[in-house]
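An overview of the molecular structure
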Amino acid sequence: MVAKTCLDYDECVLRWAVCQMYTISTGAAGLVNINTLAAISYDRYTVVVRRVLPVHHVSRSMTRLVIAVIWISSVLWMMFPMMGWGHFTLEGTGTSCTFDYLDRSAANRAYVTTLTLANFVVPLIVIVFSYVRIFLSVSAVRRGLMDNWPEFSLQSQRQGRKLHTELKMAVTTLVIVGVFCVSWTPYVIVATIALFGDAHLVTPMTSAVPCLLAKVATVSNPPLYSLGHPKFRKKIRLLVMSAMNRNPNVSMSSFTVSMDHPPTTL
């Protein structure tokens, strides 16, 4: 399909190489997204539900290791078609590339199915399990605090407030997970229909729209994370008010965002 629009062989090779690099980069970004959300969800679960020590702490080396594993595995999954397992092809309107979910060969079906299970279904199971347990745990603690508030020590009351903060952090991440699911689920449905259902239902338009929608999840994370941080929102309000009032007494140093308590940490 690429060859039909090329003027010569070198141009075809260049276009196809760029198309493949585009697919690898955007696909890896999506896989990093969902797997990072799953890791964050499990971390929140260990903090709120399975907490053994009063202070939960994950070392920087462990955090870096988890991040490295997520990135390496995500890139590796996207490199498999370059090694012969699975294929890339033009998507929808033919303006970019994606997985060839119209190829019903056994190898391609195995690749797309395994990719979907390992990098969509399993992370979603981890996320759903973690947040269901988080909300149940926080609800139980909150009921206990409300019923016996005068009898609780100051330390227990602080623990209750900390759990409430953890719940807010969990809600922020859950919103991001929801955006990811809304963005990627149509793509997964189209790919499944193309591989195992009536492929005639997958037209250029029905395949192009899910591909565009899937890219929303990657670009939406930074603003969602930022706006989910209460101190960040406070500083933004101060910055906007200062700009509107043109207050010369407000220095830019006061707008430095404190990240001592980020909304989600591994």
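What you see is a predicted model, and the numbers here were worked out from it, not measured in a lab. (Residues numbered from 1 in each chain as written. Predicted model: local features only at pLDDT ≥ 70, side-chain atom pairs only at ≥ 80, totals over all residues. Heavy atoms only, no water.)

Moving on to the overall build of the chain. Helices and strands together make up the secondary structure of the chain, namely six helices and two strands. Mapped in sequence order, the helices and strands of the chain form the string α-α-β-β-α-α-α-α. The burial tally for the chain puts 36% of its 266 residues in the buried class. Of the accessible surface of the chain, which amounts to about 15800 Å², a share of 69% is contributed by carbon and sulfur atoms. (Helix = DSSP H or I, 4+ residues; strand = E, 2+ residues; numbered from the N terminus. Buried < 20%, exposed > 50% of the residue type's maximum accessible area, 1.4 Å probe, protein only. Areas by Shrake-Rupley, 256 points an atom, 1.4 Å probe, with all protein chains shown as cover.)

This part covers the environment of Ala170. Counting through the fold element by element, Ala170 comes out in helix H4 (residues 154-196). With a relative accessible area of 1%, Ala170 lands in the buried category. Sequence-wise, Ala170 and Tyr45 are 125 residues apart; in three dimensions their C-alpha atoms are separated by 9.2 Å. Contacts of Ala170, omitting those with residues within four sequence positions, involve Tyr131 and Ile134. (Contact = heavy atoms within 4.5 Å.)

Because each turn of an α-helix spans 3.6 residues, side chains separated by three or four positions in sequence point in the same direction. Its 20 residues give helix H2 (residues 60-79) an end-to-end C-alpha distance of 28 Å, which sits within 8% of 28 Å, the value for a rise of 1.5 Å per residue. Among the residues of H2, those classed as buried are Thr63, Ile70, Ser74, Trp77 and Met78. An end-on view of H2 places all buried positions within 100° of arc, on one side of the element. Exposed side of H2, more than 90 degrees from the buried face: Ser61, Arg64 and Ile72 are the residues found there. (Expected span 1.5 Å × (residues − 1). Arc of directions from axis to C-beta.)

Each disulfide consists of a covalent bond between the sulfur atoms of two cysteine residues. Scanning the entire structure with this criterion turns up one disulfide. Across the disulfide, Cys19 is cross-linked to Cys97 (sulfur-sulfur distance 1.4 Å). The sign of the 110° torsion about the S-S bond sets the Cys19-Cys97 disulfide as right-handed. Here Cys97 lies in strand E2 (residues 97-99) and Cys19 lies in helix H1 (residues 9-48), a separation of 78 residues in the sequence. Each member of the pair Cys19 and Cys97 is classed as buried. (Disulfide = S-S within 2.5 Å.)

So, on to the environment of Tyr45. You can see Tyr45 is positioned in helix H1. Taking the C-alpha atoms as reference, Tyr45 lies 9.6 Å from Ser137; in sequence the two are 92 residues apart. Not counting the four nearest positions on each side in its chain, Tyr45 is found in contact with Arg50, Phe129, Ser130, Arg133 and Ile134.

Moving on to the nonpolar core. Within the largest apolar cluster, 37 residues are counted, with the highest numbers of intra-cluster contacts made by Met78, Phe99, Tyr101, Tyr111 and Ile127. Where this core is concerned, the elements lending two or more residues are H1, H2, helix H3 (106-147), H4 and helix H5 (204-227). Tallying contributions element by element places H4 first for this core, with 11 residues. Sequence-distant contacts of Phe99, defined by excluding residues within four places in its chain, comprise Met78, His87, Phe88, Thr89, Tyr111, Leu115 and Tyr187. (Core = buried A, V, L, I, M, F, W, Y, C linked by side-chain atoms within 4.5 Å.)

So, about the pattern of salt bridges. Side-chain pairs of opposite charge can arise whenever the charged atoms involved come near each other. With the rule as written, the count across this model stands at one salt bridge. Between Asp43 and Arg44 there is a salt bridge; the shortest N-O distance is 2.9 Å. Both residues of the pair, Asp43 and Arg44, belong to the buried class. (Salt bridge = Lys/Arg side-chain N within 4 Å of Asp/Glu carboxyl O.)

With 70% of its residues at a pLDDT of 70 or more, the chain has an overall mean of 75. Low confidence marks residues 248-266, where pLDDT is under 50. Its contacts with residues over four positions away, or in another chain, come to 33 contacts. (pLDDT = per-residue confidence, 0-100.)

We now examine the packing of aromatic side chains. Throughout the structure, instances matching the rule amount to 12 aromatic pairs. Ring geometry for Trp77 and Phe80: centres 5.5 Å apart, planes at 90°, overall edge-to-face. The exposure classification of Trp77 matches that of Phe80, with both residues buried. Ring centres 5.6 Å apart and planes at 75° place the aromatic pair Trp184 and Tyr187 in the edge-to-face group. (Phe/Tyr/Trp six-rings, centres within 6.5 Å; stacked < 30°, edge-to-face > 60°.)

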